Amino acid sequence: MDLRHLRYFVAVAEERHFGRAAERLHMAQPPLSQQIRQLEAELGVELLHRTTRRVDVTEAGRAYLERARAILTDVDEAAHHARLVAAGSVGHLAIGCVGSATYSLLPALSRRLTEELPGVDFSFRGEMLAPDQVEALRTGAIDVALLRPPAADLSLTVHTLRRDRLVVAVPVDHPLARRKRLRAADLAGADLIVHSADRRSVMYDVVLGLLRDAGVEPRIRHEVGETSTLVTLVAGGLGVAVVPEPVTALALDGVAYLPLAGAAAGVELAVAHRADRSEPHLARTVGIIRAAI
């Protein structure tokens with residue numbers, strides 16, 4: 001017995017006529033009758049009662065018809081689901097975003113992903129530092145990361161998306177706020193708010209390297225874990241902060257953003273995932289992200 005026998009039987013049982021069932025199945029009537037008799041012989045029960053004018057379904061046939069329909073439905077749904085998986089149209093993905101991407105990219109990106117892949121269940125985690133993202137990728141807590149390189153982990157595949165310029169976030173009543181642009185040397189003596197060194201923030205290393213290259217000894221007053229907290233402290237007048245330009249999307253009263261001259265190199269933004277992950281829906285998601293940014 002195979003699935004063909006089930007489809008043949010369901011067609012005859014529903015049409016109550018071998019000729020119409022044969023037309024529905026696009027086959028000749030004699031082979032169809034033969035297949036149904038073989039099915040009945042294998043089962044050892046009469047499924048159909050035949051007369052010269054019509055075909056009636058026996059009690060055993062009605063019970064078999066119900067189960068046969070369910071089996072065929074399950075098989076068809078399984079095939080459909082397999083095709084969706086192969087096409088990368090279904091699945092679940094958790095995406096972790098670095099702070100600046102959370103504000104500037106995530107709103108539009110989440111909309112695009114859900115529009116282009118409506119069958120994929122996306123979840124998003126914002127305000128993640130790069131080291132935390134790398135660890136979350138390793139453990140499977142997230143599947144894709146929008147992070148600031150370097151991500152020195154050979155188990156990851158990393159694609160650079162773009163390079164963001166650096167700006168300085170200053171309180172609007174700070175003397176530096178009167179400038180049109182700043183240099184790293186202008187931050188000498190200024191109270192600095194930075195991402196936490198304890199959490200191995202990429203931006204911590206970038207900012208301190210930038211200042212020391214300019215001969216400025218950093219005067220760190222506050223270390224924070226989230227970019228939103230960093231900008232909030234700037235708004236509160238507690239110091240200034242060097243941040244990637246996309247952070248300007250976080251527009252808080254009391255904060256002015258000034259271009260940082262001489263820092264043209266900026267910082268990279270990249271998308272990363274584990275190199276041993278090759279699911280179609282992950283590949284399509286990474287492709288959409290690379291095309292969108």
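Residues numbered from 1 in each chain as written. Predicted model: local features only at pLDDT ≥ 70, side-chain atom pairs only at ≥ 80, totals over all residues. Heavy atoms only, no water.

Overview of the overall build of the protein chain
- Regarding its fold elements, the protein chain presents 10 helices and 13 strands.
- Reported as C-alpha extents along the three principal axes, the dimensions of the protein chain are approximately 105 × 35 × 25 Å.
- Long-range pairs, those at least 24 residues apart, make up 73% of the contacts in the protein chain with a sequence separation of at least 6.
- About 14,800 Å² of surface is accessible on the protein chain, with carbon and sulfur atoms providing 50% of the total.
- In the protein chain, the 35 positive side-chain charges and the 36 negative ones have mean positions that sit 4 Å from each other. (Helix = DSSP H or I, 4+ residues; strand = E, 2+ residues; numbered from the N terminus. Contact = heavy atoms within 4.5 Å. Areas by Shrake-Rupley, 256 points an atom, 1.4 Å probe, with all protein chains shown as cover. Lys, Arg positive; Asp, Glu negative; His and termini not counted. Charge placed at Lys NZ, Arg CZ, Asp CG, Glu CD.)

Some thoughts on the layout of surface pockets
- One number sums up the size of the largest pocket: a volume of about 240 Å³.
- Around the largest pocket, the lining comprises 13 residues; the ones closest to its centre are Pro-131, Val-134, Pro-150, Ala-152 and Arg-200.
- Looking at the lining of the largest pocket, the elements with two or more residues in it are α7 (130-139) and α8 (202-213).
- In terms of residue count, α7 provides more of the lining of the largest pocket than any other element does, 6 residues in total.
- The residue makeup of the lining of the largest pocket, split by class, is 7 nonpolar, no polar and 6 charged. (1 Å grid on protein atoms, 1.4 Å probe; cavity = no way out; pocket = protein on both sides within 12 Å on 5 of 7 lines; lining within 4 Å. Points joined across faces, edges and corners; volume = space filled by probe spheres on them. Nonpolar A, V, L, I, M, F, W, Y, C, P; charged D, E, K, R; others polar.)

A short note on the sheet that holds strand β11 (residues 241-244)
- Read across the open sheet, the 4 strands follow the order β8-β12-β7-β11; overall the sheet is mixed. A single partner strand is all that each edge strand has here, and the edge strands are β8 (182-183) and β11.
- Looking at chain direction, strand β7 (residues 166-171) and strand β12 (residues 255-261) are connected through 5 bridges and run antiparallel. If you follow Ala-169 over to β12, its bridge partner there is Tyr-257.
- The strands touched by α8 within the sheet are β7, β11 and β12, with β11 carrying the most contacts at an inclination of about 120°.
- Against the sheet, helix α9 (residues 227-235) engages β7, β11 and β12, with an angle of about 105° to β12. (Pairing = 2+ DSSP bridges. Axes fitted to C-alpha atoms, helices over the stretch in contact; angles between N-to-C directions.)

Section: the environment of Asp-186
- Note that Asp-186 resides in the loop between β8 and β9 (192-195).
- A polar contact of 2.8 Å, which involves the side chain of Asp-186, links it to the backbone nitrogen of Arg-183. (Polar contact = N/O pair within 3.5 Å; in protein donor to acceptor, adjacent residues only side chain to side chain.)

Quick word on the sheet that holds strand β3 (residues 91-97)
- Sheet architecture is open: 5 strands sit in the order β4-β3-β5-β13-β6, paired in mixed fashion. Strands with a single pairing partner mark the edges of an open sheet, and in this sheet they are β4 (120-125) and β6 (156-164). The sheet shows a mean angle of 20° between the axes of neighbouring strands, taken without regard to direction.
- With 3 bridges joining them, β3 and strand β5 (residues 144-147) adopt parallel strand pairing. Counted as the bridge partner of Ile-95 is Val-144 from β5.

Things to note about the pairing of β9
- Relative to strand β10 (residues 220-224), β9 runs parallel, the two being bridged by 4 bridges. For His-195, the partnering residue across the bridge sits in β10 and is Val-224.
- The parallel pair β9 and β10 is bridged by α8, and the resulting crossover is right-handed. (Right-handed = clockwise from strand over helix to strand, strands pointing away.)

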